[in-house]
Amino acid sequence: MTDVLRLLQLIVNGAASGCIYGLIALGFVLIYKATEVINFAQGDIMMLGGFAAYSLVAWFGMNYWIAALGAIVITAAFGYLLDVIVIRRVIGQPQFAVVMLTLGLGFIFRAVAGIAWGYDSVGYVTPFTNRTVRFGHFVLGYDSLSIIGGTVVLCAVLYLFFNRTRLGVAMQAASQNQLAAYYMGIPVRTIFSLIWAISAGVSAAAAVLLTPVAMVDVNMGFLGIKAFAAAVLGGFGSIPGALVGGIVIGIAEQLAGFYLPAGFQQVTSDVVLLATLILMPQGLFSQKIVKRV
Amino acid sequence: MRTLFKTDYRQDLTIWRHRGDLFWYGLLLLIVLALPHLLGVFYIGELGAVFIYAIAGVGLMLLTGYTGLVNLGHAAFLGIGAYTNAVLLTAGWPYLLTLPASALLAAIAGVAIGIPTLRMSGLYLAIATLAFGEIVSNVLEKWDSVTHGFNGLPVPIPEIFGYPIAGATAVYYVALAMLILTLWIAANILRTPFGRALMAIRDSEVSARSMGINVALYKTVAFGVSAAMAGLAGALFAQYVNYLAPNSFDVLLSVQFLTIVFVGGVGSLQGVIFGALFVRLLPQAISIFRDDLPGNIGHLPGLDPSLFGLILVLTILFQPTGIYGGWLSLKAWFQDFPLHRAGGFRRQRSYAKSERV
């Protein structure tokens, strides 16, 4: 019986960290679908979002909920400006130039955060910290539940936004066919910048949700590598795929940490990533894309 | 200004454009050979490191600069080469065998990781190599029986024909010889049909395929050659540092190699040398001038990686042809001095190449 309980516990914890990977992966996928740019600085944008929330709580003494919202808005604005000022300039250059650009940006963000907030881990008390709910012998942390719940709410909001609002539908159109969208009078450039804003905002939300579980620190951005695995597993370019991929990887990681010798947990996501590329490169939610000439 | 009149197709294929090239590179070789008698041990050691970085950089230039593939795990191949060299030397192999063995093992690893991923778009390769680099550095940490984990692995001092390869000067000469060999191989690859095929793949995969180039095969071989050069550089790196630690082969080192390629100038072998000089000597320059910088700038932690990031971003945005491209346009300015035209080296505007339907 305890084995089953432990397994359940691992799965819930895994699903919680998997939601975080999924949200970061969602950020990649949104940008990739729209602009075919892979943002290697996504994890570092999440780190900036985490620090923004920390500053609002610790420096300005804001309420947790207001600070969370504020951090999301600030990071989204940052994402918008990033596209307008930097990324837009390299559209049309070879793909590896864009990859290198975002990688370099990630290093800069990390250094700036280190200078501004220091290299120590910081944290703040949230309404979900160190509280648990008990079902018989089965103990669940509020932190895990809040991550899962927050992800569900965020996804519902995004779903409604992309399907029910004019702007959301325009974004879908611009992602599917830039030229046709442009002919229909959609301001494609602004739309792309807004997509960067949404992606950055989602990352900030992930950072806020993560805070009860893990401290905010400069190297938090390396979670982005795990999110790559989530995005690839979900079939790069599929939004539900990114979330499912993230959850699968989160659970796999927890199980590997428990059942396999030490050291396997760190590379679980990398192994899943390579295995996906080798065995089913289209991912779980495959989109049949064949290049025509 | 020298005007080249080509009267023979073979002139397009030669390594040296004209005798002037031969003269200047020969002079450079003489200077480099004489340097250990002119400079102190510290500078010779640093230059040796520059050569080692340049060897790995040539490998990455073939892959990124000439084939258009980004490798974010180049340091992993360096690590494989370094550990192979150390382990084989400990087992008593002669140095002249461990060097090619290190290169070969790295190449095998490169092909193994390349075969499944190279059929997909270049972005997948970037992500896959990132994951591969993570896995390799974790394996180096955890595989205690071979790598001794964080305790580190001492590298024995090898001998070539009875001469021990120890100290900065010996490593300098070995690295120089290997760098010349690597450059010679790369320059020759680039003038064969194989090298032309790589450039065709970089410029347009679709048109390369329609010219009958087996894109996946050529990419895989390019990846293997690139990894072999990194493995060779790793073997020399082991000699350079004398003591291997698993965490020296991380993503930051891979990014440094990419910085060599981009800052030096994508698509030129000369650029690799400029890039390696820049990347390797910049941290030294920072540490020399650290105390002279205004305020507290010199002592900020994380200064080096952030500078690499900043330089990378600025290069891609404002000087996409790198140092070597800048040198070429400067040379052109002097060569047609009064008649210089502003638009001569302007970047061509191009449309985003979509990988979709």
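Rules and cut-offs
- Residues numbered from 1 in each chain as written.
- Chains lettered and ligands numbered in written order.
- Predicted model: local features only at pLDDT ≥ 70, side-chain atom pairs only at ≥ 80, totals over all residues.
- Helix = DSSP H or I, 4+ residues; strand = E, 2+ residues; numbered from the N terminus.
- Buried ≥ 20, exposed ≤ 12 C-beta atoms within 10 Å, placed from the backbone.
- Contact = placed C-beta atoms within 7 Å.
- Bend = angle between axes of the 7 residues up to and from the residue.
- pLDDT = per-residue confidence, 0-100.
- Pairing = 2+ DSSP bridges.
- Axes fitted to C-alpha atoms, helices over the stretch in contact; angles between N-to-C directions.
- Parallel < 35°, antiparallel > 145°, perpendicular 65-115°, else oblique.
- Left-handed = near helix turned anticlockwise from the far one by under 90°.
- Nonpolar A, V, L, I, M, F, W, Y, C, P; charged D, E, K, R; others polar.
- Arc of directions from axis to C-beta.
- Core = buried A, V, L, I, M, F, W, Y, C linked by C-beta atoms within 7 Å.

**Some thoughts on the overall build of chain A**
Helices and strands together make up the secondary structure of chain A, namely 11 helices and two strands. Seen through its C-alpha atoms, chain A measures out along the principal axes to roughly 60 × 50 × 35 Å. Residues classed as buried in chain A amount to 53% of the 293 residues present. Considering only contacts in chain A between residues 6 or more positions apart, those separated by 24 or more positions represent 75%.

**Thoughts on the overall build of chain B**
Check the secondary structure of chain B and you find 14 helices and four strands. Counting every position in chain B, which comprises 357 residues, the buried fraction comes to 43%. Sequence separation of 24 or more characterises 77% of the internal contacts of chain B that already satisfy a separation of 6 or more.

**Some remarks on helix α11 (residues 264-279) of chain A**
Taken as a whole, α11 of chain A carries its principal kink of about 30° at D270 of chain A. Among the residues of α11 of chain A, V267, T268, S269, D270, V272, L273, L274, T276 and L277 of chain A are the ones counted as buried.

**Side note on the confidence of the model for chain B**
Residues and elements named next belong to chain B. Here chain B averages 83 in pLDDT, and 90% of its residues register 70 or above. By mean pLDDT, the top-scoring element of chain B is helix α10 (residues 215-241) (91), and the lowest-scoring one is helix α6 (residues 144-147) (75). With pTM at 0.85, the complex prediction returns an ipTM value of 0.81.

**Examining the pairing of strand β1 (residues 132-135) of chain A**
Residues and elements named next belong to chain A. In the sheet, β1 pairs with strand β2 (residues 138-141) via four bridges, with the strands oriented antiparallel. Within β2, the residue paired with V133 across the bridge is L140. Linking β1 back to β2 in an antiparallel pair, the connection comprises two residues, with G136 at a positive phi of about 60°.

**A few points about the packing of helix α2 (residues 41-65) of chain B against helix α7 (residues 167-190) of chain B**
For any two helices packed against each other, the geometry is given by the interaxial angle and the distance between the axes. All names here are of chain B. Contact geometry of α2 with α7 gives a least axis separation of 9 Å together with a crossing angle of 25°. In terms of orientation, α2 and α7 fall into the roughly parallel class. Crossing angle aside, the handedness with which α2 passes α7 is left-handed. Facing V41, I44, G45, L47, G48, F51, I52, A54, I55, V58 and L62 of α2, the residues of α7 in contact are A168, T169, V171, Y172, A175, L176, M178, L179, T182, L183, A186 and I189. Taken together, the residues of the contact of α2 with α7 break down into 19 nonpolar, four polar and no charged.

**Thoughts on the packing of helix α9 (residues 223-233) of chain A against helix α10 (residues 239-259) of chain A**
All names here are of chain A. The N-to-C vectors of α9 and α10 enclose an angle of 125°; their axes lie 7 Å apart at closest approach. As the angle between them shows, α9 and α10 are arranged oblique. Judged by the sense of rotation from one axis to the other, the crossing of α9 with α10 is right-handed. Residue-level inspection shows K226, A227, A229, A230, A231 and L233 of α9 in contact with α10, the latter providing A242, G245, G246, V248 and I249.

**Things to note about helix α8 (residues 193-203) of chain B**
Residues and elements named next belong to chain B. Within the sequence span of α8, burial applies to A197, L198, I201 and R202. Take α8 and look down its axis: the buried residues cluster within an arc of 140°, on one side only. Away from the buried face of α8 by more than 90 degrees, exposed residues P193 and D203 are located. For α8, the elements touching its buried residues are α9 (205-210) and α10.

**Details of the environment of E134 of chain B**
Considering the arrangement of structural elements, one finds E134 of chain B in helix α5 (residues 122-142). On a C-alpha basis, the gap between E134 of chain B and P320 of chain B in space is 29 Å, while along the polypeptide they are 186 residues apart. Apart from residues lying up to four places away in sequence, E134 of chain B is in contact with I225, V267 and D270 of chain A.

**Remarks on the interface of chain A and chain B**
Each partner contributes residues to the interface: chain A has 42 residues there, and chain B has 44 residues. Going through the elements one at a time, α4 (95-117), α9 and α11 of chain A are the ones with two or more residues in the side of chain A that touches chain B. If one sorts the elements of the side of chain A that touches chain B by residue count, α4 of chain A sits on top with 15 residues. Residues belonging to the side of chain A that touches chain B are distributed by class as follows: 29 nonpolar, seven polar and six charged.

**Notes on the nonpolar core**
If you look at the biggest cluster of nonpolar residues, it comprises 196 residues, and the most contacted ones within it are I55 and L236 of chain B. Top contributing element to this core by residue count: helix α8 (residues 188-210) of chain A, with 16 residues. Ignoring sequence-local partners within four residues, the contact set of L236 of chain B consists of I52, I55, V174, A175 and M178 of chain B.

**Concerning the environment of A56 of chain B**
All names here are of chain B. Its location among the elements puts A56 in helix α2. C-alpha separation for the pair A56 and P164, spaced 108 residues apart in sequence, amounts to 24 Å. Among residues more than four places away in sequence, those in contact with A56 are H74, L78, M229, A230, A233 and F257.

**Focus: unusual backbone geometry**
Look at N242 of chain B: it is not a glycine, yet its phi comes out positive at around 70°. Mapping N242 of chain B onto the fold places it in the loop between α10 and β4 (243-244).

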